[in-house]
Amino acid sequence: MNPTPVNKRLAVYPGTFDPITNGHADLIARAAPLFERVIVAVAESPNKGKGPGFSLNERITLARLALADLPNVEVRGFDCLLANLVAELGAGVIIRGLRAVSDFEYEFQLASMNRHLIPQAETLFLTPAEQYSFISSSLVREIGRLGGDISGFVHPAVQQAMRQRWRKTQVHSQGDTHA
């Protein structure tokens, strides 16, 4: 199998995006003018923790809604090794976000492994705007689950989807009565 030629103007931004946050959208919006195309690669990740809160298709849909105003950004799902996806697409750049110094060690390890697996692709680290540097998907899920206001952290479509998810969860848990 011949690998697809590498396009240094094609970038892949991988993640679980469970859910996509304004911090993710900020990084993508700032990366978009740097490349001909940015592919937001939503990982299936069924083994991460308890599994994603939203299905792969739901996360793809929400990401597409949140990024609809960026014409050179494409959202797609994947369920393989990132290096295989990058090679298949012929992408020359992997975008990763760094919120804080604490992210660096893990991200550096990933970048080093990806360099070993797919040496033709470079990893580009971007930092979010300061107002998004503390946002993480897990914090947003927890705040929302406990009834907090997440409107400043996610796109309105994501907020609506999360509210619907919590209502379903609350209705199911209220139905569980113990004698």
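Owing to the predicted nature of the structure, the values given are computational and were not obtained by experimental measurement.

Asks: In this structure, what is going on with the environment of arginine 115? I would like to understand it.
Replies: Among the secondary structure elements, arginine 115 is positioned in helix α4 (residues 101-117). For arginine 115, a relative accessible area of 46% corresponds to the partly exposed category. Note: C-alpha distance between arginine 115 and alanine 83 (32 residues apart in sequence) is 9.0 Å.

Asks: Help me out: how do you make sense of the packing of aromatic side chains in this one?
Replies: Summed over the entire model, instances satisfying the criterion amount to four aromatic pairs. Plain terms: the ring middles of phenylalanine 134 and phenylalanine 153 are 5.9 Å apart, the flat faces sit at 90 degrees to each other, and that makes the pair edge-to-face. Separated by 19 residues along the polypeptide, phenylalanine 134 in the loop between β5 (122-126) and α5 (137-145) and phenylalanine 153 in the loop between α5 and α6 (156-174) bring together distant segments of the chain. Note on phenylalanine 134: relative accessible area 49%, which makes it partly exposed. Every member of this aromatic cluster is reached through a ring pair, and the members are Phe104, Phe108 and Phe125.

Asks: Explanation requested: the pairing of strand β1 (residues 7-15) in the structure shown.
Replies: Along any regular strand, the residues point their side chains to alternate faces of the sheet. As defined by bridge partners, β1 adjoins strand β4 (residues 91-97) across three bridges and the pair is classed as parallel. Across the sheet, residue asparagine 7 finds its bridge partner in β4, namely alanine 91. Bridge analysis of β1 against strand β2 (residues 37-43) gives six bridges, and the strand direction is parallel. Bridging across to β2, leucine 10 finds its partner in arginine 37. At this point the chain moves from β1, through helix α1 (residues 22-31), to the parallel β2, and the crossover so formed is right-handed.

Asks: Sorry if this is basic, but what is going on with the nonpolar core here?
Replies: Most often, soluble globular proteins have nonpolar side chains that are buried together. Core analysis: the largest hydrophobic core is formed by 36 residues, its most contacted members being Ile20, Ile28, Val40, Leu67, Val73 and Ile95. The greatest single-element share of this core, amounting to five residues, is contributed by helix α2 (residues 56-66).

Asks: Before we go on, may I ask you to explain the pattern of salt bridges in this structure?
Replies: Two side chains with opposite charge may pair up if their charged atoms get near one another. Evaluation of the coordinates by the stated rule reveals eight salt bridges. A salt bridge links arginine 30 to aspartate 26, with the nearest nitrogen and oxygen atoms 3.3 Å apart. In this pair, arginine 30 and aspartate 26 both sit in helix α1, four residues apart, roughly one turn of the helix. Given a relative accessible area of 13%, aspartate 26 falls into the buried group. Residues glutamate 142 and arginine 145 are paired through a salt bridge, measuring 2.7 Å at the closest nitrogen-oxygen approach.

Asks: Even after reading the chapter, I still don't get the sheet that holds strand β3 (residues 73-78), so can you show me in this structure?
Replies: In a beta sheet, neighbouring strands are held together by backbone hydrogen bonds and run either parallel or antiparallel to one another. Read from one edge of the open sheet, five strands run β3-β2-β1-β4-β5, paired in parallel fashion. The open sheet is flanked by β3 and β5, the only strands paired with a single partner. The sheet shows a mean angle of 30 degrees between the axes of neighbouring strands, direction not considered.

Rules and cut-offs
- Each chain has its residues counted from 1, following the order in which its sequence is written.
- In keeping with the model being predicted, local features are shown solely for residues with a pLDDT of at least 70 and side-chain atom pairs are shown and tallied solely at 80 or more, while totals for entire chains, interfaces and linings include all residues.
- As a rule here, side-chain values cover all heavy atoms of the structure and leave hydrogens and water aside.
- Under the DSSP-based scheme used, a helix requires at least four consecutive residues in state H or I and a strand at least two consecutive residues in state E, with every element numbered from the N terminus.
- Type-normalised accessible area, obtained with a 1.4 Å probe on protein chains alone, sets the label of each residue: buried when under 20%, exposed when over 50%, and partly exposed for intermediate values.
- Centres within 6.5 Å are what make two rings of Phe, Tyr or Trp a pair, Trp counting through its six-membered ring; a difference in plane orientation under 30 degrees is then read as stacked, over 60 as edge-to-face, and the rest as tilted.
- Strand pairing follows a simple DSSP-based rule, namely that at least 2 bridges must link the two strands.
- By convention, orient the strands away from the viewer: a clockwise path from the first strand over the helix to the second makes the crossover right-handed.
- Nonpolar core, defined: a set of buried Ala, Val, Leu, Ile, Met, Phe, Trp, Tyr and Cys residues in which side-chain atoms within 4.5 Å join the residues together.
- Any Lys or Arg side-chain nitrogen found within 4 Å of a carboxyl oxygen on Asp or Glu counts as a salt bridge.
- In this analysis an axis means a line fitted to C-alpha atoms, helices contributing only their contacting stretch, and an angle means the value between N-to-C directions, from 0 to 180 degrees.

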